[in-house]
Structures are given as structure tokens and as C-alpha cells.
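Fold and contact review
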Amino acid sequence: QAQLVESGGGLVQPGDSPRLSCEASGLTFSYYEMGWFRQAPGKEREFVAAVSRSGDIIDYVDSVKGRFRLYRDNAKNRMDLQMDSLKAEDTAVYYCAASRSGGLSRRITDFSSWGQGTQVTVSS
């Protein structure tokens with residue numbers, strides 16, 4: 001069974017730049033498209049970003065484009081999300097997910113493996 005473990009969340013101030021990490025095991029990491037999703041209090045889980053198997057294509061939701069950067073390191077079975085210029089609206093549980101759909105997707109149903117999530121709270 002694949003296991004994904006997120007880390008890097010916590011209580012941060014507006015404008016801070018935390019980095020979230022996702023470490024994968026139990027799968028051939030490079031065979032999977034990878035993605036980040038988030039769920040804010042009282043909201044549905046939403047797509048944040050996804051990356052192709054080789055790392056050459058990255059898709060960001062408009063609300064984070066230019067502020068967040070996704071990186072994957074297939075040699076380390078790791079995917080990071082560098083978050084810059086955080087806003088209160090970024091407060092959410094952030095989830096790492098893996099997909100074998102064959103291409104980039106924003107759909108939750110296309111991701112077969114999920115981490116437990118890491119809480120990011122942006123507050124002054």
C-alpha cells in the first residue's frame with residue numbers, strides 16, 4: 001500500500017513562506033502524477049497544484065499561481081510545496097495525493113492515494 005506523509009504545516013503569520021513536504025513510500029514514485037489539495041474550515045476540498053511524472057509540467061489553481069511553487073524529486077520520493085506571501089484565506093488542511101490517471105488532473109477522484117494532511121493556519 002502506498003503511504004504519503006505531509007509535513008511542514010503549523011501556525012504562521014501573513015506574508016510568511018513555509019514549505020510543505022510530502023514523502024512517499026510503497027510506490028514507484030516516478031510512475032505517479034502528484035498533487036496538492038486543501039480544505040478550509042467549512043469548505044469543500046479543492047485542488048491546489050499538480051505535477052507530471054517527470055516534473056516538467058505543473059498546474060496551479062489561479063488563487064495560488066505566482067505565490068506557491070511545487071517541486072518533485074523522484075530520486076528522494078518527495079514533493080514539496082513552497083508557499084509564499086501567505087494570506088488568511090490560505091488557512092486549510094493541505095493534502096498530498098498521488099494519481100495514475102495518465103495525465104494531469106484537478107479531480108479528486110483521479111487521485112487514488114492520499115496523505116493524512118497537515119494543518120496550515122495563517123493568523124496575525
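All values derive from a computational prediction rather than experimental measurement.

1. Considering the state of the cysteines
- Tallied over the full model, the rule gives one disulfide.
- What pairs with Cys 22 in a disulfide is Cys 96, and their sulfur atoms sit 1.9 Å apart. Around the S-S axis, the bridge from Cys 22 to Cys 96 shows a dihedral of about -60° and counts as left-handed. With a gap of 74 residues between them, Cys 22 in strand β3 (residues 19–25) and Cys 96 in strand β9 (residues 92–99) connect regions that are remote in the sequence.

2. Some details on the pairing of β3
- Bridging between strand β1 (residues 3–7) and β3 involves five bridges; their strand directions are antiparallel. Each bridged residue has a counterpart across the sheet, and for Ser 7 the counterpart in β3 is Ser 21.

3. Here's the deal with the pairing of strand β7 (residues 68–73)
- Side chains Phe 68, Leu 70 and Arg 72 project from β7 onto a buried face, and the interleaved Arg 69, Tyr 71 and Asp 73 project onto a face without burial.
- Looking at chain direction, β7 and strand β8 (residues 78–83) are connected through six bridges and run antiparallel. Within β8, the position partnered with Asp 73 by the bridge is Arg 78.
- In textbook terms, the turn of a hairpin is the stretch between consecutive antiparallel strands, and for β7 and β8 this stretch comprises four residues, one of which, Asn 77, has a positive phi near 50°.

Rules and cut-offs
Residues numbered from 1 in each chain as written. Predicted model: local features only at pLDDT ≥ 70, side-chain atom pairs only at ≥ 80, totals over all residues. Heavy atoms only, no water. Disulfide = S-S within 2.5 Å. Helix = DSSP H or I, 4+ residues; strand = E, 2+ residues; numbered from the N terminus. Pairing = 2+ DSSP bridges. Buried < 20%, exposed > 50% of the residue type's maximum accessible area, 1.4 Å probe, protein only.

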